[in-house]
Amino acid sequence: MRTATLTETTLNAPALPEIRAFIVENFLLGKDSGFDNGESLLESGIIDSTGIMHVVAFLEERFGIAVDDEDMIADNLESVNRITAFVERKQTLRTAA
């Protein structure tokens, strides 16, 4: 599994391209099928329930956020767009604290 080092510079970078790249590299063997960022990753078969755990580990390490049990819902983790919005909310909460 690919991971990146957390730095101040990378925290300010848009999350969506990195999240999509992680999914393509780790679940589609590096071949972007052109799936839509709003598409359900589970329903489309791109990621299974075990894969979600890999995505969560990546998000925690890469973006310096904590994904709590109550965060593990489709509203947060179903698509690239939802994952990106979730990461941005978590980072905003962390910054405001």
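As shown above, the structure is provided for reference.
Owing to the predicted nature of the structure, the values given are computational and were not obtained by experimental measurement.

Cut-off values and rules
Residues numbered from 1 in each chain as written. Predicted model: local features only at pLDDT ≥ 70, side-chain atom pairs only at ≥ 80, totals over all residues. Heavy atoms only, no water. Salt bridge = Lys/Arg side-chain N within 4 Å of Asp/Glu carboxyl O. Helix = DSSP H or I, 4+ residues; strand = E, 2+ residues; numbered from the N terminus. Buried < 20%, exposed > 50% of the residue type's maximum accessible area, 1.4 Å probe, protein only. Axes fitted to C-alpha atoms, helices over the stretch in contact; angles between N-to-C directions. Parallel < 35°, antiparallel > 145°, perpendicular 65-115°, else oblique. Left-handed = near helix turned anticlockwise from the far one by under 90°. Contact = heavy atoms within 4.5 Å. Nonpolar A, V, L, I, M, F, W, Y, C, P; charged D, E, K, R; others polar. Phe/Tyr/Trp six-rings, centres within 6.5 Å; stacked < 30°, edge-to-face > 60°. Lys NZ or Arg CZ within 6 Å of the ring centre and 35° of its normal.

Draft legend 1. Geometry of the pattern of salt bridges. As enumerated under the stated definition, the model contains 6 salt bridges in all. The residue D68 makes a salt bridge to K90 at a minimum N-O spacing of 3.7 Å. A residue pair is termed long-range when its members are at least 10 positions apart, and D68 in the loop between α3 (49–63) and α4 (74–77) and K90 in helix α5 (residues 80–96) qualify at 22 residues. Taking relative accessible area as the criterion, D68 reaches 32% and is therefore assigned partly exposed. Note that E78 and R82 form a salt bridge whose closest N and O atoms lie 3.6 Å from each other. According to the relative accessible area criterion, E78 is partly exposed, its value standing at 21%.

Draft legend 2. Looking closely at unusual backbone geometry. Phi at L29 takes a positive value of approximately 55°, unusual for a residue other than glycine. The topology assignment puts L29 in the loop between α2 (15–27) and α3. Residue L29 is classed as exposed on the basis of its relative accessible area of 75%.

Draft legend 3. Examining the environment of S33 more closely. Tracing the chain through its elements places S33 in the loop between α2 and α3. Considering only alpha carbons, one finds S33 and I46, 13 residues apart in sequence, at a separation of 9.8 Å.

Draft legend 4. Region of the structure containing the packing of α3 against α5. One can describe the packing of α3 onto α5 by two numbers: an axis separation of 12 Å at closest approach and a directional angle of 40°. With respect to each other, α3 and α5 are oriented oblique. For the crossing formed where α3 meets α5, the hand is right-handed. Residue-level contacts link V55, L59 and F63 of α3 to I83, V87, Q91 and R94 of α5. Of the residues that constitute the contact of α3 with α5, the class distribution is 5 nonpolar, 1 polar and 1 charged.

Draft legend 5. Structural context of the packing of aromatic side chains. If you walk through the whole model with that rule in mind, you get 3 aromatic pairs. Ring centres 4.0 Å apart and planes at 10° place the aromatic pair F22 and F58 in the stacked group. In this pair, F22 is assigned in helix α2 and F58 in helix α3, connecting sequence segments 36 residues apart. Each of the two residues, F22 as well as F58, counts as buried. Grouped by ring-pair contacts, the aromatic residues F22, F27, F58 and F63 constitute a single cluster. Across from the ring centre of F35, 4.0 Å away, lies the NZ or CZ of R20, which sits over that ring. For the cation-ring pair, R62 lies above F63, with the distance from its terminal atom to the ring centre recorded as 4.7 Å.

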